[in-house]
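What the coordinates show
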Amino acid sequence: MGRGSYNAADWNKLKDSRGINAGSTADDIFSGNKVNEKYLPKFINVRESRDSEDSPQSTPIIIGFDSTGSMGYLAAEIAKNSLNKTATMILEKRPVTDPHIMCAAFTSPHEQPPLQITQFEADIRVVEQLLEFTLNGGNMYSYDSLVWYFALEHTAIDSYEKRKQKGFIFCIGDEVGDDGRNEILNSLSIKKVFNDDRERGFTTGELYNAASEKYEIFHIITGRHTEHSLETWERLISGRNAVVEPEDIEFLAEVMISIMQHMNGMTKEETLSQWTGKARDAVEKALSTINVQPVPRAAAVPEAAAEEKAAPEAMAAPAPQSAPEPEAAPTHREVPVAKPVNASKPIVNAKPLNAAKPIAQAKRVAELTPDGKVPQNAGEEKKGFFSKLFHKDK
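Residues numbered from 1 in each chain as written. Predicted model: local features only at pLDDT ≥ 70, side-chain atom pairs only at ≥ 80, totals over all residues. Heavy atoms only, no water.

**Brief notes about unusual backbone geometry**
Between Gln112 and Pro113 the backbone carries a cis peptide bond, its omega angle lying at -10°. Among the secondary structure elements, Pro113 is positioned in the loop between strand 3 (99-106) and strand 4 (115-117). The phi torsion at Asn195 lies on the positive side, around 60°, for a residue other than glycine. Relative to the assigned elements, Asn195 resides in the loop between helix 7 (187-194) and strand 8 (202-203). Of the residues examined, Asn195 reaches a relative accessible area of 11% and is grouped as buried. At His225, a position not held by glycine, the phi torsion is positive, near 55°. Here His225 shows up in the loop between strand 9 (215-221) and helix 9 (226-236). (Helix = DSSP H or I, 4+ residues; strand = E, 2+ residues; numbered from the N terminus. Buried < 20%, exposed > 50% of the residue type's maximum accessible area, 1.4 Å probe, protein only.)

Below, the structure written as C-alpha cells:
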C-alpha cells in the first residue's frame, strides 16, 4: 500500500462528515465501533510500504498509541488533530521522503483487542481506517512491544530492503512494565495476538534490538507520573524518549516532526527555530531527553519538482542513496547481535519477506511463566525466532 498523496482538504471533508470538532471526545469519535478483523494482527500476514510512481522513495512511519480508558484523551487528540497535522507537516517540512503512515492502537496482550493496525497509507485513507478502530480495556503499562513485534515480523518496507534506510516508529504512552528488563511477550500471547507459533517469548529489550534493525524507534511519554516513566524507559532505550505533558498533547505532531528532522541531520537549535510560543516550549522539553546520532538521508523532493514524479529516473537520489553493497551504505548503522543464552541450541533463521539481508537476531532469554517453566505443546517442533514468519491460518 502507500499510493496517492495526502491532502488536508480531504481531512476537512472527512471531519465534517463524521461531525468531529474541537470538543469531540474519544467516546464521540470511536463509540459504537465494533472490533474489525481486518485491523487485527492475527488476521494480517504482512503490511507493505512499497515504492511506487507516487512514492518513489517511500519512508514508513508507524504511529502507535495506548488506547486504553485512561488514555482516551490521547486517542481523541490523534484522531482529531495530530494525525492530520503530522501528515500535512511532513509534506510541508519534508523531514523524510514520501511518507507512508501506519496507525497502531494497543492495549495489552490480555485485553481485547490487544492491537489494531491500519495499512501503510500516503493519503486520507489512514485517517479513515483509524476512525474505524474501537477503544476498550485498560492496562498499567505501555505495551510498545506489541507494535515492535508486528513491525519486525509483519511489515515489508522498500526503504530498508532497497536502500538500507530505516523507517520510524513512534509509540505514545506511559511507563514500561518492569523497566523492560523481565517483561516478556510470551509465546501464548504471541499466538493469541499474532497467530504466530513461537517456542519461547521475548523481552521488551530483545524486541527493541531486533526491530531497530530496520526502524528508528522512539517512545513519547505522556499521562501521569511522567518523570518516573522517563526513568524506566531510559533504562531500556536511553536517549530515545521524549516527554509531552497531557496539557501539551496538541503538539505531538511538532514533536514527531522535530525528532525526524534531528535524525535527518538538523541540530536541536535548528528544529526549535521553526516553532514559536507553547509549541516551541513543548518541543524543547521533548528534545531535551533525545540523545541520538543523526543519520542524514537524501533531501526530500521539493514541491517544484512534483511534476517530475512521472519520470522516476529524474528523481535519482544522490550517490549515498544509490544501491551500494550493504556494508558500504552510509545510512545503515549495524545493530549489535546478541548471542543466544543457550549456545548449544543454535536458532535457525529464515529470511523475512523480500528482505535484502536477514534481520539481526536479538539475544534469547528463557520465557517465564508463573510456574517457572517454558510452555510447549507435546510433540511440538521447536522453531527459531523467524522460522514461521508468514505461516498463518489466514
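**Some words on the environment of Ser55**
Mapped onto the fold, Ser55 is located in the loop between strand 1 (47-49) and strand 2 (59-66). When the C-alpha positions of Ser55 and Pro99 are compared, they lie 7.9 Å apart, and in sequence the two are 44 residues distant. A polar contact is formed between the side chain of Ser55 and the side chain of His100, at a distance of 3.1 Å. (Polar contact = N/O pair within 3.5 Å; in protein donor to acceptor, adjacent residues only side chain to side chain.)

**Some remarks on the packing of aromatic side chains**
Applying the stated criterion across every chain yields a total of six aromatic pairs. Taken together, a centroid distance of 5.4 Å and an interplanar angle of 65° make the contact between Tyr39 and Phe133 edge-to-face. On the criterion of sequence distance, the pair formed by Tyr39 in the loop between helix 2 (26-30) and strand 1 and Phe133 in the loop between helix 4 (125-130) and helix 5 (144-154) is long-range, its members being 94 residues apart. The residues Tyr39 and Phe133 share a single accessibility class, namely buried. Both rings, one in Phe170 and one in Phe218, keep their centres 5.7 Å apart while their planes meet at 20°; by these two values the pair is stacked. Separated by 48 residues along the polypeptide, Phe170 in strand 6 (residues 167-173) and Phe218 in strand 9 bring together distant segments of the chain. Among the aromatic residues, those joined into a ring-pair cluster are Trp148, Tyr208 and Trp233. Over the aromatic face of Tyr160 sits the side chain of Lys164, whose NZ or CZ is 4.6 Å from the ring centroid. (Phe/Tyr/Trp six-rings, centres within 6.5 Å; stacked < 30°, edge-to-face > 60°. Lys NZ or Arg CZ within 6 Å of the ring centre and 35° of its normal.)

**Details of empty space enclosed by the protein**
Within this structure, the stated rule accounts for three cavities of 30 Å³ or more. Looking at the largest cavity, the residues that line it are Tyr141, Ser142, Tyr143, Asp144, Ser145, Val176, Gly177, Glu183, Thr204 and Trp233. Looking at side-chain class alone, the lining of the largest cavity contains four nonpolar, four polar and two charged residues. (1 Å grid on protein atoms, 1.4 Å probe; cavity = no way out; pocket = protein on both sides within 12 Å on 5 of 7 lines; lining within 4 Å. Points joined across faces, edges and corners; volume = space filled by probe spheres on them. Nonpolar A, V, L, I, M, F, W, Y, C, P; charged D, E, K, R; others polar.)

**Focus: helix 1 (residues 8-18)**
One turn of an α-helix holds 3.6 residues; hence residues three or four places apart share an orientation. Sitting at the head of helix 1, Asn7 places a side-chain oxygen 2.8 Å from the backbone nitrogen of Ala9. Positive backbone phi, at 70°, marks Gly19, one or two positions downstream of helix 1.

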